[in-house]
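This is what each chain is made of:
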Amino acid sequence: MIVGPADTAASASGWAKQLDEQFGRWVVDPLAAVLFFDLRQLINPGQELSGPPIRFIVVWLFCGAVFFTLRMSFINLRGFAHSIKLTLGFYDNPDEPGEVSHFQALASALSATVGLGNIAGVAIAVGQGGPGAVFWLVVAGLLGMSSKFAECSLGQMYRKVARDGTISGGPMHYLRDGLAEMRLKPLGVVLSILFSFMCIGGSLGGGCAFQVGQSMGAVAQQFPIFAEDRYPWLYGIILAVLVGVVIIGGIRRIAATAEKIVPLMCGVYVLGCLYILLMNWSHLGETMATIWRGAWTPDAAYGGFLGVLLIGVQRAAFSNEAGAGSASIAHAAAKTNEPISEGIVALLEPFIDTVVVCTMTGLVIVSTGVYNDESLQHLITGNQGAPLTSAAFAKAAWWFPWIVTISVFLFAYSTMISWSYYGERCATMLFGARASLPYKFLFLTFVVLGSIITAGKILDFSDLMILSMALPNILGVVLLSGKVRRALDEYWEKYQSNLLVPRREP
Amino acid sequence: MAWAPRQKVIVPIDFSDDSFDALDTALDLVDDAKKVSVINVLAVLEPAEPGVIWATIDEESRARHAEQAMRERLTDAKYKGVEIKIEFGDAGHEVARFAQEQGADLIVLSSHGRTGIKRLLIGSVAERIVRLAHCPVLVLRK
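What counts and what doesn't
- Every chain is numbered independently, its residues counted from 1 as its sequence is written.
- Chain labels run from A onward and ligand labels from 1 onward, assigned in the order the entries are written.
- Local features in this predicted model are restricted to residues of pLDDT 70 or higher, and side-chain atom pairs are both shown and tallied only at a pLDDT of 80 or more, whereas totals for entire chains, interfaces and linings draw on every residue.
- Numbering goes from the N terminus for both helices and strands, where a helix is a DSSP run of H or I of at least four residues and a strand is a run of E of at least two.
- Using C-beta atoms placed from the backbone, we call a residue buried if 20 or more other C-beta atoms fall within 10 Å of its own, exposed if 12 or fewer do, and partly exposed for counts in between.
- Each residue gets a C-beta atom placed from its backbone, and two residues are in contact if those atoms lie within 7 Å.
- Here, expected helix span is obtained from the residue count minus one, scaled by 1.5 Å.
- In this analysis the local bend is the angle between axes fitted, respectively, to the seven residues ending at and the seven residues starting at the residue.
- Residues are grouped as follows: Ala, Val, Leu, Ile, Met, Phe, Trp, Tyr, Cys and Pro are nonpolar; Asp, Glu, Lys and Arg are charged; all remaining types, including Gly, are polar.
- A set of buried residues qualifies as a nonpolar core if it consists of Ala, Val, Leu, Ile, Met, Phe, Trp, Tyr and Cys joined through C-beta atoms within 7 Å.
- For every residue, the predictor assigns a confidence score, pLDDT, that lies between 0 and 100.
- Only the stretch in contact is used when a helix axis is fitted, and all axes are lines through C-alpha atoms; the angle between N-to-C directions ranges over 0 to 180 degrees.
- When an angle is under 35 degrees it counts as roughly parallel; over 145 it counts as roughly antiparallel; between 65 and 115 it counts as roughly perpendicular; any other value is oblique.
- By this definition, two strands are paired if DSSP reports at least two bridges between them.

Q: Outline the overall build of chain B, supporting the account with residue identities and numerical values.
A: Of the regular secondary structure elements, chain B holds six helices and five strands. Relative to its full complement of 142 residues, chain B shows a buried share of 35%. Within chain B, counting contacts between residues at least 6 apart in sequence, those at least 24 apart form 74% of the total.

Q: Could you give an account of the overall build of chain A, naming the residues involved and the relevant values?
A: Each helix and strand in chain A was counted, giving 23 helices and two strands. Projecting the C-alpha coordinates of chain A onto the three principal axes gives extents of approximately 60 × 55 × 50 Å. Across the 506 residues of chain A, 60% fall into the buried class. Taking the contacts inside chain A whose residues are at least 6 apart along the sequence as the reference set, 82% of them involve residues at least 24 apart.

Q: Would you mind going over helix 10 (residues 185-222) of chain A in detail, with residue names and values included?
A: Here helix 10 of chain A spans 53 Å end to end across 38 residues, near enough to the 56 Å set by a 1.5 Å rise per residue. The largest bend in helix 10 of chain A comes to about 35°, at Gly202 of chain A.

Q: Describe the interface of chain B and chain A, listing the residues and the values that go with them.
A: Contact residues are listed per partner, giving 24 residues for chain B and 27 residues for chain A. Among the secondary structure elements, those contributing two or more residues to the side of chain B that touches chain A are helix 2 (50-53), helix 3 (59-73) and helix 5 (116-122) of chain B. If one sorts the elements of the side of chain B that touches chain A by residue count, helix 3 of chain B sits on top with five residues. The residue inventory of the side of chain B that touches chain A, partitioned by class, reads 16 nonpolar, five polar and three charged.

Q: I'd like to hear about the nonpolar core, residue by residue, with values.
A: Judged by nonpolar contacts, the single largest core of 168 residues is most densely connected at Leu137, Val313, Ile365 and Val408 of chain A. When residues in this core are grouped by element, the largest group, 16 residues, is from helix 20 (residues 401-431) of chain A. Each residue touching Ile365 of chain A, except ones within four places of it in the same chain, is listed here: Val122, Ala123, Val126, Val370, Tyr371, Leu388, Thr389 and Ala392 of chain A. Leu23, Val38, Met70 and Ile86 of chain B belong to the second largest nonpolar core, which has 29 residues in total.

Q: Describe the confidence of the model for chain A, and please don't skip the residues or the numbers.
A: Caution is warranted with low-pLDDT regions, since their predicted coordinates should not be read in detail. All names here are of chain A. Looking at chain A as a whole, its pLDDT mean stands at 86, while 92% of the residues score no less than 70. Summarising per-element confidence for chain A, the mean pLDDT is lowest in helix 1 (residues 14-35) (75) and highest in helix 16 (residues 339-346) (96). pLDDT under 50 marks residues 1-12. Its contacts with residues more than four places away, or in other chains, come to 48 contacts.

Q: How would you explain the packing of helix 6 (residues 102-113) of chain A against helix 20 of chain A if you had to name every residue and give the values?
A: All names here are of chain A. Two numbers describe how helix 6 lies on helix 20: the axes approach to 7 Å, and their chain directions differ by 105°. Overall, the two elements helix 6 and helix 20 adopt an arrangement that is roughly perpendicular. For the pair helix 6 and helix 20, contact is made by Ser108, Ser111 and Ala112 and by Ser414, Thr415, Ser418, Trp419 and Tyr422, respectively. Looking at side-chain class alone, the contact of helix 6 with helix 20 contains three nonpolar, five polar and no charged residues.

Q: I'd love a proper account of unusual backbone geometry, names of residues and values included.
A: Its identity is not glycine, yet Arg183 of chain A carries a phi of approximately 65°, on the positive side. The residue Arg183 of chain A is located in the loop between helix 9 (171-181) and helix 10 in this model. For Phe15 of chain B, which is not glycine, the phi torsion reads 70° and is therefore positive. The residue Phe15 of chain B is located in the loop between strand 1 (9-12) and helix 1 (17-29) in this model.

Q: Give me the lowdown on the sheet that holds strand 5 (residues 137-140) of chain B, citing residues and values where you can.
A: All names here are of chain B. The five strands are arranged 3-2-1-4-5 in an open sheet whose pairing can be described as parallel. The sheet terminates laterally at strand 3 (83-88) and strand 5, the two strands that pair on one side only. Put simply, the sheet's adjacent strands are angled 25° from each other on average, direction ignored. Pairing of strand 1 with strand 2 (residues 36-42), which is carried by four bridges, proceeds in the parallel orientation. In the sheet register, Val11 faces strand 2, and the bridge partner there is Val38. Helix 1 contacts strand 1, strand 2, strand 4 (106-110) and strand 5 of the sheet and is inclined by roughly 145° relative to strand 4. Lying on the sheet, helix 3 is in contact with strand 2 and strand 3; it crosses strand 3 at an angle near 145°.

Q: How would you summarise helix 4 (residues 91-102) of chain B if you had to cite specific residues and measurements?
A: Residue and element names in this part refer to chain B. Taking 1.5 Å as the rise per residue, helix 4 with twelve residues should run 16 Å; its terminal C-alpha atoms sit 16 Å apart, in good agreement. Of all the positions in helix 4, only Ala91, Gly92, Glu94, Val95, Ala96 and Ala99 are classed as buried. In this structure, the buried side of helix 4 is in contact with strand 1, strand 2, strand 3, strand 4 and helix 6 (125-132). Immediately downstream of helix 4, the backbone of Gly103 shows phi near 65°, a positive value.

See below:
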């Protein structure tokens, strides 16, 4: 279930189609065979199945999140208040090793996770899974907080502080070093390498091509020159220049500005959504009921209960990256002596990303009824997520879709910059410092590709890569969860006995 | 020996034990520690690195940290007078450039001696320095 530029014949010219097909056959299909393996095959082997599949990797993610929630005794709930205090800086100490404050690390990670998944992905999730998907999205978001906690704590525990004060951290490190400590070094090395490859793929797919393709859909609404039958590649080129100027040209100002605006843009977008919901105030109860009903007894058209649940989980995971491990790369840069504290800060990420932003989008889609709108059905079947959200916004005022357009562009841009960083880190980890420039050129190539290849295989690739990172990552984090739990207990003990002194009074 | 460095000897240091051994070798070649300059080259940071985005890390703070770490390693009396230089960029180019600026007679360094795939992909800083340097380069082996 992929989102991207519409699968129209007009946009698939000869060579692009060929590329699309070959890519599908050699890259996407083998991967999908493993990761998207339909578990129903195990129960009814060989049978023709209809309705939404029960994909292995999604089940894996969901089970991981449940496991971490239980193993850490609901840290996602009990750590929430402390998380806010940490993020607001009450425990900040600029002398502690690291690059940025808790808040800044969170903002950096958020600029990577808040992307088109929140705006477009959710719209399609509702389109395909019905209103019930929103409920499961929220549940997955809440459970995913625990996954984030575990992986970001580990990111801090196994980070390397270089002599110049800079930080290197993330699953490539903790999978290798953490498992080596447990006498599982070969496994650790394999998982670390596997993760690095998947992360590079994820950065090119979900962190790049997907963002380009989907944002183009929304931007094209206001600027028809970018529509598929006109000059879609122009959009790709413009974005490639904007990204290239930063990652190769080194013009940091643009990236820094974009990333800092993301929290603000989130706020504006959420306010926009709230306005629409208030507009439909009288229907709000009905909306909630529809969602609740859809969650437990979905319409036949949306497939079984499990299918809807898994659509919600998949969309949430793709959006907030909980279980994928990428955010731990950013969180490792926080200034602190207590790794667990950063894990607790990281709890807020899936919360803000999924429980707040994604839910807002979902509520808007449901309450405005666009998911059911006959005239908009072509958007759903064509996997046009952002235009669907735009259409929902249009119900408030003629200029409202501009909020979507601007948010979408900004989120896409900041997500791309951040993910190019994650990918570059993995590339240099695998191949040395010389891989940096070739990787960046590859990234820019995918920016352009994202605007011309249709919602076919290359975008299937996006979902697959981001989700596949969870395969080595969750395995490693589960094995290391004992360590995390012990550290958590120690930290919590300190916290409860007031041994952690806030430097400022709340 | 017939030829001996007169003015300046440059020693690139990457904080490995081998590189500090090269420093000791260099000190043996000259009569005055002041003739030896140590250089550590730090990589340029990625624009999307959190510390760069939030401007909490800059070249100044990094150079300070690195110099501090260097001084902590070079506390022995024999290192007194050795100049410490921190540069940014590609190690090979910066070392060669620094040596040229200083009018150095010699660069002393150790090589990891990587072969095969690692050498191809990770490259050898020593090889680049040998290629780019304007002066003789002494490559020590383990």
